[in-house]
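# Residue-level structure breakdown
For reference, the chains in residue letters:
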Amino acid sequence: MSHNDSNNYNPFSLIADYDGDVRELFDVEHKGTLPVLPLRNMVLFPGVVAPISVGRESSKALIQWAQDRGPETFIAVAAQVDPNIEEPTLLDVFPTATLARIMKVMNMPDGKFNVILQAFGRVELDPVPYRVTPFIRTSAVHLTEVLPSPTDRDWQALYDSFRESTMEYLKANEQVGPEAIFAIRNINNPLYFVNYVTTNLPISVEDKALLLDEGNFAERTLQALRFLQQELRYIELRAKIEEKTRGDLDKQQREFYLQQQMRNIQSELGNAENADAQRLMEKAADLPLPAAVRETFDRELHKMERQNPATPDYNVILTYLETIISLPWGNKTTDDTNIAKARRILDRDHYGMEKVKERILEHLAIMRVNRTHKAPILCLYGPPGVGKTSLGRSIAESLGRKYVRMSLGGLHDESEIRGHRRTYIGAMCGRVMKNIIKSGSTNPVFILDEIDKVGGQSHNGDPQSALLELLDPEQNNAFHDNYLDFDFDLSNVFFIATANNLGDIPAALRDRMELIEVEGYLTEEKQEIAKRHLLPQAQKDLALPRPIKMTAAASEFLIERYTRESGVRLLQKSIEKLIRKVILERSEVQDDASSIDYAKALRPADIERLLGTPRF
């Protein structure tokens, strides 16, 4: 039937006024049945003159029928509930319709009709049709309207408010031209003005249908005023958003202009392209930097871009940014929790040390159950030479982690741990963060060697107190390096400290670590260590073609008479010295090195002959 949609209906497109008493239009009645013209997206209010576009065959047949009957013929105009229905019935239109006459019909090149309608009073349609072809026809009941008295002061105040809001809306609406605003301002009839504006308001068809149902004209005007003021607030909000957006665009354009000017200035200074900034930006783009670190990085990068590469500040910022991107952000090795494999590695590299091995295997067992379990902070203490430091490398291999070692012997400057502030010349991050960068992982095995030999408080700070934060599981998830000036998570690092004397470690620092004693070796244990590790390693270092053998009695004689100690460091040196003596002695007898006989096993007498008089 009628084809009337938002694409070919322009609000406020036809403006007219009514010179007579518009009340006469509202009171027009019609007896008998009426043809019904459904409209897709439009509700026609009484008294209004409005154009519509008709494209459906049944609707064109209705228009043609009304033209043939003459200009006094009435039709009923009703709005569709769902505009997508192509063949609506009376159940698909709102029951309250408007009585109308056809004023003019224009045939369009595309076969449609452009029709100008004059609306009259409201009618209620009977849902049972009298006829459905070639168009719908049904009976209708006239609906009276309660019209306000022209002398009613309340109505006059309401109308003035409605008129002022309408003019404000039209000025704010860019789709309405100044000629239309002038013509609408000249509409003098209040009733016609209200219905005309309500017909053209950009609100939903459902809302307009509810307004048409309202039989009290003053109440309808009040409801329409509410919709009008909502549209005004929407236009104001949209204007604010557009103004803010325009301001943001202006700011971006200004920044772009200034950046372009800066590039031109740098080009004149011989620095057309900052390759360092581009390289850093590309590397940082792929890193999962925390929001605070990303903000710091971007701020320093922009500062560096404004610097001349020849200035000292440029290199200071460049070094700082390179340090940030060299940190192992998000790089974490996966722990190997194979306990049998770990036990084999620990037994292969170290004889004895059952307490330490058992603690490492306990940690692996817990990690098989809970992957987020925090790494323990161990302190291995015992006499020199028992293998405390070398044990860390075996632990790293058994866990499948990276290995780093930091010697603390003689350290007396707190900045060695925490780093220097960037205000100092030659500032750099502390040795802790340097080793984290070196490991390339956020969860390495970190050996803090000789922790009992760290210097105390002095004019360079207190390095022992600086270690408190590093070795506290509750604090090292936010370790603060003075040079980086932001927190870094070290809670996944497996810290292992070594010490000879627990008495030299402050009580507060001892309390933060799990102490494990590594005892000295018995003679029998030293014999096994010499046989399994020291003698093969010494021969491997010298690349001997065939191994030198030693009897059990000879190794016991060497241990008891030459190397009385808790560890095996002096034993290792004695074995190396013994091998050198053997090679020298046998080389003097046989000039050809390839023909030297190493098959003869060393006996206690050979040990005394080669190493001299026993020390003990």
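Residues numbered from 1 in each chain as written. Predicted model: local features only at pLDDT ≥ 70, side-chain atom pairs only at ≥ 80, totals over all residues. Heavy atoms only, no water.

## With respect to the overall build of the chain
Of regular secondary structure, the chain possesses 21 helices and 13 strands. Relative to the globule expectation of 25 Å for 616 residues, the C-alpha radius of gyration of the chain, 48 Å, shows a markedly less compact shape. A principal-axis box enclosing the C-alpha atoms of the chain has dimensions of 145 × 60 × 50 Å. For the chain, with 616 residues in total, the buried portion stands at 45%. For the chain, the proportion of contacts with a sequence separation of at least 24, taken over those separated by at least 6, is 74%. Carbon and sulfur atoms provide 50% of the accessible area of the chain, an area that totals close to 31,700 Å². Looking at charge distribution, the chain has the averaged site of its 76 positive side-chain charges lying 8 Å from that of its 90 negative ones. (Helix = DSSP H or I, 4+ residues; strand = E, 2+ residues; numbered from the N terminus. Rg over C-alpha atoms; globule rule 2.2 N^0.38 Å. Buried < 20%, exposed > 50% of the residue type's maximum accessible area, 1.4 Å probe, protein only. Contact = heavy atoms within 4.5 Å. Areas by Shrake-Rupley, 256 points an atom, 1.4 Å probe, with all protein chains shown as cover. Lys, Arg positive; Asp, Glu negative; His and termini not counted. Charge placed at Lys NZ, Arg CZ, Asp CG, Glu CD.)

## Some remarks on the sheet that holds strand β13 (residues 514–517)
One open sheet accounts for five strands, arranged β8-β9-β12-β7-β13; its pairing is parallel. Of all the strands in the sheet, the pair left with one neighbour each is β8 (403–407) and β13. The average undirected angle you get between the axes of adjacent strands in this sheet is 20°. Strand direction decides the pairing type here: strand β7 (residues 378–381) and β13, joined by four bridges, are parallel. Across the sheet, C379 pairs through a bridge with L515, a residue of β13. Along the sheet face, helix α15 (residues 431–439) touches β8 and β9 (445–449) and points at about 160° away from the line of β8. (Pairing = 2+ DSSP bridges. Axes fitted to C-alpha atoms, helices over the stretch in contact; angles between N-to-C directions.)

## Some details on helix α3 (residues 153–172)
Under the 1.5 Å per step criterion, the end-to-end length of α3 is 29 Å for 20 residues, consistent within 8% with the ideal 28 Å. Among the residues making up α3, those that are buried are W155, L158, Y159, F162, R163, S165, T166, M167, Y169 and L170. The backbone nitrogen of D154 has a side-chain oxygen 3.0 Å away, supplied by the residue at the start of α3, namely D152. (Expected span 1.5 Å × (residues − 1). Polar contact = N/O pair within 3.5 Å; in protein donor to acceptor, adjacent residues only side chain to side chain.)

## Considerations on the layout of surface pockets
If you add up the space inside the largest pocket, you get close to 780 Å³. Looking at the lining of the largest pocket, the elements with two or more residues in it are α13 (388–399), α18 (523–542) and α20 (569–589). Among the elements that make up the lining of the largest pocket, the one with the highest residue count is α13 (six residues). Residue classes in the lining of the largest pocket are distributed as nine nonpolar, ten polar and seven charged. (1 Å grid on protein atoms, 1.4 Å probe; cavity = no way out; pocket = protein on both sides within 12 Å on 5 of 7 lines; lining within 4 Å. Points joined across faces, edges and corners; volume = space filled by probe spheres on them. Nonpolar A, V, L, I, M, F, W, Y, C, P; charged D, E, K, R; others polar.)

## Considering the pattern of salt bridges
Throughout the structure, instances matching the rule amount to 21 salt bridges. Across the salt bridge formed by D347 and K357, the nearest N and O atoms sit 3.0 Å from each other. Within this pair, whereas D347 is found in helix α11 (residues 339–349), its partner K357 is found in helix α12 (residues 354–369), the two being separated by ten residues in sequence. Residue D347 is classed as partly exposed on the basis of its relative accessible area of 36%. Given a relative accessible area of 6%, K357 falls into the buried group. A salt bridge links D449 to R405; the shortest N-O distance between them is 2.9 Å. One end of the pair, D449, is in strand β9; the other, R405, is in strand β8, and 44 residues separate them in sequence. (Salt bridge = Lys/Arg side-chain N within 4 Å of Asp/Glu carboxyl O.)

## Here's the deal with the nonpolar core
The biggest cluster of nonpolar side chains holds 75 residues, and the ones touching the most others in it are I63, I75, V115 and L125. It is strand β5 (residues 113–125) that contributes the most residues to this core, eight residues altogether. Ignoring any residue separated from it by four or fewer positions in sequence, one finds L125 in contact with V36, A76, A78, L90, V93, F94, P95, A97, T138, S139 and A140. V293, Y314, I451 and F479 belong to the second largest nonpolar core, which has 52 residues in total. (Core = buried A, V, L, I, M, F, W, Y, C linked by side-chain atoms within 4.5 Å.)

## Focus: the confidence of the model for the chain
Taken as a whole, the chain shows an average pLDDT of 82; of its residues, 90% reach a score of 70 or greater. Confidence, expressed as mean pLDDT per element, reaches its minimum in the chain at helix α4 (residues 178–185) with 76 and its maximum at strand β3 (residues 74–79) with 93. Here residues 1–9 scores under 50 on pLDDT; set against residues more than four positions off or in separate chains, the count is 40 contacts. (pLDDT = per-residue confidence, 0-100.)

## Brief notes about the pairing of β3
Of all six residues in β3, six are buried, a share of seventy percent or more. Alternating residues of β3 divide into F74, A76 and A78 and I75, V77 and A79, and every residue in both groups is buried. Where strand β1 (residues 33–39) lies against β3, four bridges are found, and the strand directions are parallel. Directly across from V36, in β3, lies its bridge partner A76. Summarising the sheet, β3 and strand β4 (residues 96–107) pair through four bridges and their orientation is antiparallel.

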